[in-house]
Each structure stands twice: as C-alpha cells, then as structure tokens.
Amino acid sequence: MAKLKANINVDTLNLNLPVVEGTVGYPAIDVSSLHSHGIKTFDPGFSSTAECTSSITFVDGGKGELLHRGHPIEQLAEKCEFLDIAYLLFNGELPNSREKTIFTNAIKEHSLLHDQLTNIFRGFRRDAHPMAVMVGVVGSMSAFYFDETMKVGNLNHRKLSAQRLIAKVPTIAAWSFAYSNGSPFVYPKEELSYSENFLNMMFSGPNIKYLQNPIITKAFEKILILHADHEQNASTSTVRLVGSSGANPFACIAAGIASLWGPAHGGANEATLKMLSEIRNERRIGEYIKRAKDKSDNFRLMGFGHRIYKNKDPRAIIMKATCHEVLDELGLRNDPIFKLALKLENIALEDDYFVKKKLYPNVDFYSGIVMKALGIPNSMFTAVFALARTAGWVAHWNEMLTNEKSKIGRPRQIYTGKLRRDVPNL
Ligand code: SDX
C-alpha cells in the first residue's frame, strides 16, 4: 500500500508530513518536525495523540477488541493464569512450562517485604485509604530496592525490579487492608498460588483459617487478567512519562498508582459500588439516569463510558459472566446490588442519551460487584486494580527504556496568560 502522506497548510507554510502506521489500527501523522517550524499541535486529553509506538497491547474501540501481544483477551481470560499474562506482557510471548516455573518461583521468592518497610505502614492513620498506603509504600521501595548500583538502562536490573514489583504489590495491598482494620500482617506462603496468597493475606489471621475456594480463586484470577493492561491509559502514560526522566521503577509505579486512584479511571469500580448502594432500589434508577444526562449536574453513571470503547468493553462482558458464576457459587444470585446493576444496565442501554453517546458498561461496572461478592471491601477495589495493572505498567516502562530513541516527555502548552509587564513599585 502506498505510503500515506499528510499535507498541512498553515498560513503560507505548506508541509508534507510523514504518516506512521502500525501493524493494525489507525494511521498517525508524525508531527515531530512541526516544532522546527515554530508550530505545535493542540490536543487536550490526547484523544487524537499517539505518544509512542508499542507492541504490548492493541485496543480496537470500534470492534470492542483487546489483544495482548496479539492474543485476544477472551482466550487469555479462559486459558491462562495471571502470571502467564504478566510474563507475556513483559517478554512478548506466553511462557512455556519451564519458563513459567522459573518465573513463578522468582515471584514467590520476591513476595516478602524488607522488614523495615512494615514501619512505613505505621506512619499512616488507620483510616487511610489503601491507595494512599500503596502509593507511599511502593514509592518507598525506591529506598530499599534501587541503589546506585542499579541502572534503569540495564535490562537485568529492569527484569529484577519488575519481578519485585509484581511479587510485592499483592503483599503491600493485602497489608494495607490488614493495617486499616488493625489486623496483624499475614505473610505469603510458598505453597499458595499468586491469587491464593493474596486472598489468604487478606482474609486469614493467626486464629482464622481462610478456606480456598477454586471458583473464587479463578474469579479473582480473571479480575487480575482483565485489569492487567490497556495500552496508553492515564496511569500507564503517567508511568511512561515519569520513566522518561530516568526515575527509578518504584517511583514510576507509585505515580501510576496515584493516577489510577481517580474516579474517572481506576477509582470507578469503588465509585460504581458507592453509586449502586446510593441508588439502593430500582424505583430510583430513573432519577439517577436523569441526573447523568443533566449537564448542570456533574454526576456521571459510574462504570459507564470509555474513551476508546464505543460499542462494548470486552472485559465488561467477561466480568459480567464471572459475576454470574461467582454469585451462583456463593448463592448470591439474588444479590440486590447485582440485580440493581443488571436493571440499571438494561435501562441505560435503552436510553437514547447513552446510545447516542455510545456509553456502555466498562470493566469497572461489574468488577466491584464481583469483588464485593468475594468479600473484598469497596476501599480495596482500586488497590486490586493497581495490583493487576502493575504487570502492564512494568511492561510499558521496560518497553520505553528498551527503545533507545525514548526522550524525556516534555509537552508544550498554549499560553493564555498576561503579556510581559513590569512589577509595580511596591
Ligand atoms: C477505566 O483509558 C482506559 O483504558 C481506562 C481503563 C483501563 O483499563 O485503564 O479502561 C479503565 O478507567 C475505565 C473507565 C472508568 N471510569 C468510569 O466508569 C467513570 C465514568 N465514565 C466517565 O467519566 C467517562 O466515560 C470516561 C472518563 C470513562 C471517558 O470520558 P471521555 O472519553 O473523556 O468522554 P467525555 O467525558 O468527553 O464524554 C463524552 C460525552 C460527554 O457528554 P457531552 O459533553 O458530549 O454532551 O459523554 C458524556 C459526557 O458528559 N459521558 C457521560 C458518561 N461518560 C461520558 N455521561 C454520563 N455518564 C457517564 N458515565
């Protein structure tokens, strides 16, 4: 196919710009030479901006397709474990059995925290949000696991840091919950799988035995797989931007956790449950749909809408099915919140406003209901999202640093402030 070209006229300036095309998806105009003509592009929110090339994840919002290294999310969620996905995202291929054993053992080996890190938890008030604790503790890992002998330019150092993060974030998340309710920290166990360990650290205690349920563990694995990566979303772009300055990986991931916390992003699962609890019964759904459509009201239907998906979020479809499985297993099929969510989804999807604006349930709409059914408290939903997304964040951080052409990210602005003026004599 002939190379696409973009012809741009700015006043008397006529520019022929190259067009970049990936293996699949939209073409992009390479505007990197514009600055030499004293011209910038303007794209608040970056809806029309591709900030990098990447081979990790592809999202087709029109088709509702999500691929990780070319594999469809539906097949990965069905056939793989979360650590398979973490390995795939970072290395480019699913692990064979020997690679899986080595990787799993490395994650087990790194799942403990330096004992002094437990003191960081104690600097927080007991009622601190788990995401505040995670930002703090993950950021402080910089002081324990990345000294002057470690270089972000060294692939082995990046691999080790990535494994430490994937291994320790579940422990940090579970301990942030334990700390919030005054429970003693439960340590990871060698004989448990990645998900079994997290659930055990969350719900067992010195005199409480947590009974593993394979249906629950499988559902939790699915939650992790569905949240593992999603190309250049706000938090992943944050990790890349922070990493572009050469900052250490723990600082980068702490920044990603901070960005994910927002209700427009990863905080939406917690906000969705809060919204459903506030709506309380089906008779009040109409009132909230009306509010969501009212421009003068900043209320939005949480768990609905997406910057890219304009007809379905494939993860939401898998999550909804997982919801049915878990609630059936737990005898919660008549769970009022779940029934309310199903009703709300049906009403919204028949409403002209949502249809016209292509607003569909996203991954966060059902994930909170599943996590609530698993006994995970609202305040921990985004922490679980961060736990899963760490696999994607470290893969993108590594990819950016592997790409030698990576420069420090430094966007410009359109200045709308005062022209030069002297300071008055005071
Ligand atoms: C995640 O980027 C990713 O990939 C994110 C994520 C990932 O895996 O990393 O997929 C995870 O963050 C999923 C999204 C979770 N957030 C929510 O569920 C919060 C509720 N959703 C919205 O706030 C919103 O839909 C966003 C933030 C998700 C997307 O917003 P956009 O793309 O910036 O779209 P927009 O705000 O410009 O909305 C377009 C129109 C607006 O109306 P108009 O100004 O054109 O009249 O749709 C309306 C919006 O008011 N709209 C909504 C709505 N979402 C958009 N109206 C009511 N309820 C909503 N939820």
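Residues numbered from 1 in each chain as written. Predicted model: local features only at pLDDT ≥ 70, side-chain atom pairs only at ≥ 80, totals over all residues. Heavy atoms only, no water.

**Remarks on the overall build of the protein**
What counts, and what does not: We count a stretch as a helix when DSSP gives it H or I for four or more residues in a row; a strand needs E for two or more, and each element gets its number in order from the N terminus. Only C-alpha atoms enter the radius of gyration; for comparison, a globular chain is expected to reach 2.2 Å times N to the power 0.38, where N is the number of residues. Exposed residues in this analysis have more than 50% of their type's maximum accessible area, buried residues have under 20%, and partly exposed residues fall in between, with area computed by a 1.4 Å probe over protein chains only. We call two residues contacting when some pair of their heavy atoms lies within 4.5 Å. All accessible-area figures derive from a Shrake-Rupley calculation using a 1.4 Å probe, and residue coverage is judged against the displayed protein chains alone. Charge counting follows a simple rule: Lys and Arg are positive, Asp and Glu are negative, and His as well as the terminal groups are ignored. Where a charge lies is defined by one atom per residue type: Lys uses NZ, Arg uses CZ, Asp uses CG and Glu uses CD.
In terms of helices and strands, the protein carries 18 helices and six strands. Computed over its C-alpha atoms, the radius of gyration of the protein comes to 23 Å, within 12% of the 22 Å expected for a compact globule of 426 residues. With the principal axes as the frame, the protein shows a C-alpha extent of 75 × 65 × 60 Å. Sorting the 426 residues of the protein into buried and exposed places 49% on the buried side. At a minimum sequence separation of 6, the contacts of the protein that also span at least 24 residues come to 70%. Split by element, the accessible area of the protein, about 21700 Å² in all, is 54% carbon and sulfur. A gap of 5 Å separates the mean positions of the 51 positive and 43 negative side-chain charges of the protein.

**Considerations on the environment of Lys-293**
Within the element layout of this structure, Lys-293 appears in helix 13 (residues 285-293). By relative accessible area, Lys-293 is classed as partly exposed at 34%. Linking Lys-293 and Val-20, residues 273 residues apart in sequence, is a C-alpha distance of 38 Å. Those residues in contact with Lys-293, other than ones at most four positions away along the chain, are Asp-351, Tyr-353 and Phe-354.

**What to know about the nonpolar core**
Just so we agree on the cut-off: Joining through side-chain atoms within 4.5 Å is the link that ties buried Ala, Val, Leu, Ile, Met, Phe, Trp, Tyr and Cys residues into a set, and such a set is a nonpolar core.
Within the largest apolar cluster, 121 residues are counted, with the highest numbers of intra-cluster contacts made by Phe-198, Leu-301 and Ile-376. Per-element tally for this core: the top contributor is helix 18 (residues 381-402), with 13 residues. Excluding anything up to four places from it in sequence, Phe-198 contacts Pro-170, Ala-173, Ala-174, Phe-220, Met-380, Val-384 and Leu-387. Counting residues in each nonpolar core, the second largest holds six residues, with Ala-6, Leu-17, Val-19 and Leu-34 among its members.

**Here's the deal with the packing of helix 2 (residues 82-91) against helix 18**
Defined as follows: All axes are obtained by fitting lines to C-alpha atoms, using only the stretch in contact for helices, and the reported angles, taken between N-to-C directions, cover 0 to 180 degrees. Oblique is the label for every angle not falling under 35 degrees (roughly parallel), over 145 degrees (roughly antiparallel), or within 65 to 115 degrees (roughly perpendicular). Whether a crossing is left-handed or right-handed is set by the direction in which the near helix is turned from the far one by less than a right angle, anticlockwise for left-handed and clockwise for right-handed. The nonpolar class holds Ala, Val, Leu, Ile, Met, Phe, Trp, Tyr, Cys and Pro. Asp, Glu, Lys and Arg form the charged class, and all remaining residues, Gly among them, are polar.
Two elements in contact, helix 2 and helix 18, have axes separated by 8 Å at closest approach and are oriented at 15 degrees. With respect to each other, helix 2 and helix 18 are oriented roughly parallel. Handedness of the helix 2/helix 18 crossing: right-handed. Note on element contacts: helix 18 touches helix 2 through Leu-387, Ala-388, Ala-391, Gly-392, Val-394, Ala-395 and Asn-398, opposite Phe-82, Ala-86, Leu-89 and Phe-90. Of the residues contributing to the contact of helix 2 with helix 18, the split by class is nine nonpolar, two polar and no charged.

**Things to note about the side chain of Ser-140**
Its place among the elements puts Ser-140 in helix 5 (residues 130-140). Apart from residues lying up to four places away in sequence, Ser-140 is in contact with Leu-117 and Ile-120.

**As for the site of the ligand**
Counted only if it meets this: Summary of the distance rule: residues count as near a molecule or strand when at least one heavy atom falls within 4 Å of that molecule or strand. Pairing of N or O atoms within 3.5 Å defines a polar contact, subject to two protein rules: one partner must be a possible hydrogen donor and the other a possible acceptor, and residues neighboring in sequence count only if both atoms are side-chain atoms.
Taken together, 24 residues surround the ligand, and among them His-230, His-306, Arg-307, Arg-315 and Arg-389 come closest. Within the side chain of Lys-295, one N or O atom sits 3.2 Å away from an oxygen atom of the ligand. Side-chain polar atom of Asn-362 to an oxygen atom of the ligand: 2.9 Å apart, as the coordinates give it. Considered class by class, the residues forming the shell around the ligand number 10 nonpolar, seven polar and seven charged.

**As for the sheet that holds strand 6 (residues 71-72)**
Threshold: Any two strands with at least two DSSP bridges between them are considered paired.
A sheet is described by the order of its strands in space; here three strands give the open sequence 4-5-6, paired in antiparallel fashion. Two strands close off the open sheet at either side, each with one partner strand: strand 4 (57-60) and strand 6. Two strands pair when backbone bridges link them, and strand 5 (residues 65-68) and strand 6 are joined in this way by two bridges, in the antiparallel orientation. By the bridge assignment for strand 6, Leu-67 is matched with Pro-72.

**Digging into the domain arrangement of the protein**
Let me state the cut-off plainly: Domain start and stop positions are those given by an automatic or database domain assignment.
By the assigned domains, the protein splits into domain 1 (5-50) and domain 2 (74-409). The C-alpha-based centres of domain 1 and domain 2 are spaced at 34 Å.

**Focus on helix 18**
Applicable threshold: By this rule, a helix spans an expected 1.5 Å times one less than how many residues it contains. For a residue, the bend is simply the angle between two axes, fitted respectively to the seven-residue segment ending there and the seven-residue segment starting there.
With 22 residues, helix 18 extends 32 Å from end C-alpha to end C-alpha; this agrees with the ideal 32 Å at 1.5 Å per step. Along its length, helix 18 shows its largest kink, about 40 degrees, at Arg-389. In terms of burial, helix 18 is largely enclosed, as 20 of its 22 residues are buried.

**A few points about helix 8 (residues 194-203)**
Counting buried positions along helix 8 gives nine out of 10 residues, so the element sits mostly inside the fold. For helix 8, the complete set of buried residues consists of Tyr-194, Ser-195, Asn-197, Phe-198, Leu-199, Asn-200, Met-201, Met-202 and Phe-203. Looking at the buried positions of helix 8, the neighbouring elements they touch are helix 2, helix 3 (97-109), helix 7 (155-180), helix 9 (214-226) and helix 18.

**So, unusual backbone geometry**
Not every positive phi belongs to a glycine, and Asp-11 is a case in point at roughly 60 degrees. For Asp-11, the location among the structural elements is in the loop between strand 1 (5-10) and strand 2 (13-20). The class for Asp-11 is exposed, based on a relative accessible area of 75%. A positive phi angle, close to 70 degrees, is found at Arg-280, a residue other than glycine. Within the fold, Arg-280 resides in the loop between helix 12 (268-279) and helix 13.

**Observations regarding the pairing of strand 1**
Within a regular strand, the side chains alternate between the two sheet faces. Looking at chain direction, strand 1 and strand 2 are connected through six bridges and run antiparallel. Note that in strand 2 the partner of Ile-8 across the bridge is Leu-15. Between strand 1 and strand 2, which pair antiparallel in sequence order, lie two residues; one of them, Asp-11, sits at a positive phi of approximately 60 degrees.

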